[in-house]
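Residue strings, one per chain:
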Amino acid sequence: MDDLFEYSDSLNAPFQAFKGDCKEIKPHWHYFTELIYLVSGSMEAEVDQEKYTLTPGDLIIFHPRQIHSFRAVKSQEGIVYMGIKFDNMILTNTTPGSPKLPRLLENVYKQNQKLNLITADELKYNPVKLFFENCIWEIEHKEFGYDIKTASTISLIITELMRIWRRRGFVFSSKSTFDSFSAKDFSVLEYIDKHSSENISIEKLASKCGMCYSNFAKQFKLQYGRTCKEYIEFVRVCKADTLLLYTDKTLDYISQETGFTDASHFIRTYKKIKGTTPKQRRAKNDY
């Protein structure tokens, strides 16, 4: 399986949206979720040895770690499709105590049901195509708040898929679909987002959740796919990215505003997550 791994810059960019016409994508897997919406032509996809045929208006989802491939049907001249790749952590669902979209998606995959393909008929009353187009436009133009709009739009797409799966009879009844880190008056992710510029104590977070540190750390990694420290760094870097793109503030200022100890710490963490330095990121997007 290692030979099939596709390098992922999911931490470099928590989401991507694109339009493609490649006639064949060979078997591979990655750690992020991928959505493909077929615009024209016909294609055959294979997901964990299960085969599907897609026609225009169909959508297929590839869950993390699923080996998948697709190719144009030979009788067709080519295909045109839109794609979205994203880290499940960007999915928004803010109602405290309610089922969380990342956990719901994981629940779908773990149930091992054939829920990869969503047909055009199931989508005919949904604006999913428009959602894909909006994501592509936002990422191409990168206007102020594009990351917020893109993450929200991807969440809308996943919500539409959840409704379709429910209509098929899939039941999201497992307790594991609920966020054990959210309660009526407290949410770990909301707390981190609100206090990311401060010195966040993971021990304090564990206490607020009624857990010891070791259990909190273990459960957080199981639920969100990364350590709490890694998630805090991820949030800080995302906020720093907005300041890099839309202000002329110095790196010292940005590091202080986003919770890093100093500019050196900010640069090291930014490069680790984004794969480039803050200076290179700013220069590349200076328009």
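Treat the numbers as computed from the prediction; the structure is a model and nothing was measured.

Asker: Tell me about the sheet that holds strand E6 (residues 59–62), residues and numbers included.
Answerer: For sheets, the rule is that strands pair by backbone hydrogen bonds, running either parallel or antiparallel. Read from one edge of the open sheet, five strands run E1-E8-E3-E6-E9, paired in antiparallel fashion. Every interior strand has two partners, whereas the edge strands, strand E1 (15–20) and strand E9 (117–118), have only one.

Asker: How would you explain the side chain of Glu233 if you had to name every residue and give the values?
Answerer: Mapped onto the secondary structure, Glu233 falls in helix H8 (residues 228–246). In this view, Glu233 contacts Thr269, Lys272 and Ile273; residues no more than four positions away in its chain are not counted.

Asker: How would you summarise the environment of Ile79 if you had to cite specific residues and measurements?
Answerer: Within the secondary structure, Ile79 sits in the loop between strand E7 (68–72) and strand E8 (80–86). Here Ile79 falls in the buried class, since its relative accessible area comes to 3%. Along the sequence, Ile79 and Asp21 sit 58 residues apart, while their C-alpha atoms lie 5.4 Å from each other. Contact partners of Ile79, with chain neighbours within four places excluded, come to Gly20, Asp21, Cys22, Leu38, Ser40, Gly41, Ser42, Met43, Phe70 and Ala72.

Asker: Describe in detail the packing of aromatic side chains, supporting the description with residues and values.
Answerer: One pass over the full model with this rule turns up nine aromatic pairs. Ring centres of Phe15 and Tyr146 lie 6.5 Å apart, and the angle between their planes is 85 degrees; on these two criteria the pair is classed as edge-to-face. With a gap of 131 residues between them, Phe15 in strand E1 and Tyr146 in helix H4 (residues 146–168) connect regions that are remote in the sequence. Neither residue differs from the other here; Phe15 and Tyr146 are each classed as buried. For the pair Phe216 and Phe220, a centre-to-centre distance of 5.9 Å together with 40 degrees between the ring planes defines the contact as tilted. Residue Phe216 and its partner Phe220 are located together in helix H7 (residues 213–224), separated by four residues, close to a single helical turn.

Asker: Which residues make up the nonpolar core, and what values do they have?
Answerer: By size, the foremost hydrophobic cluster in this structure holds 35 residues, and its most contacted members are Leu35, Leu59, Ile84, Phe86, Phe132, Ile158 and Trp165. Mapped onto this core, the elements with two or more residues apiece are E1, strand E3 (33–40), E6, E8, helix H1 (101–110), helix H3 (128–141) and H4. No other element matches the nine residues that H4 contributes to this core. Sequence-distant contacts of Ile84, that is, excluding residues within four places in its chain, are made with Gln16, Ala17, Phe18, Thr33, Glu34, Leu35, Phe132, Cys135, Ile154 and Ile157. Membership of the second largest hydrophobic core comes to 26 residues, among which are Phe186, Tyr191, Val237 and Ala240.

Rules and cut-offs
- Residues numbered from 1 in each chain as written.
- Predicted model: local features only at pLDDT ≥ 70, side-chain atom pairs only at ≥ 80, totals over all residues.
- Heavy atoms only, no water.
- Pairing = 2+ DSSP bridges.
- Helix = DSSP H or I, 4+ residues; strand = E, 2+ residues; numbered from the N terminus.
- Contact = heavy atoms within 4.5 Å.
- Buried < 20%, exposed > 50% of the residue type's maximum accessible area, 1.4 Å probe, protein only.
- Phe/Tyr/Trp six-rings, centres within 6.5 Å; stacked < 30°, edge-to-face > 60°.
- Core = buried A, V, L, I, M, F, W, Y, C linked by side-chain atoms within 4.5 Å.

No statement about biological role is implied by the geometric values presented.
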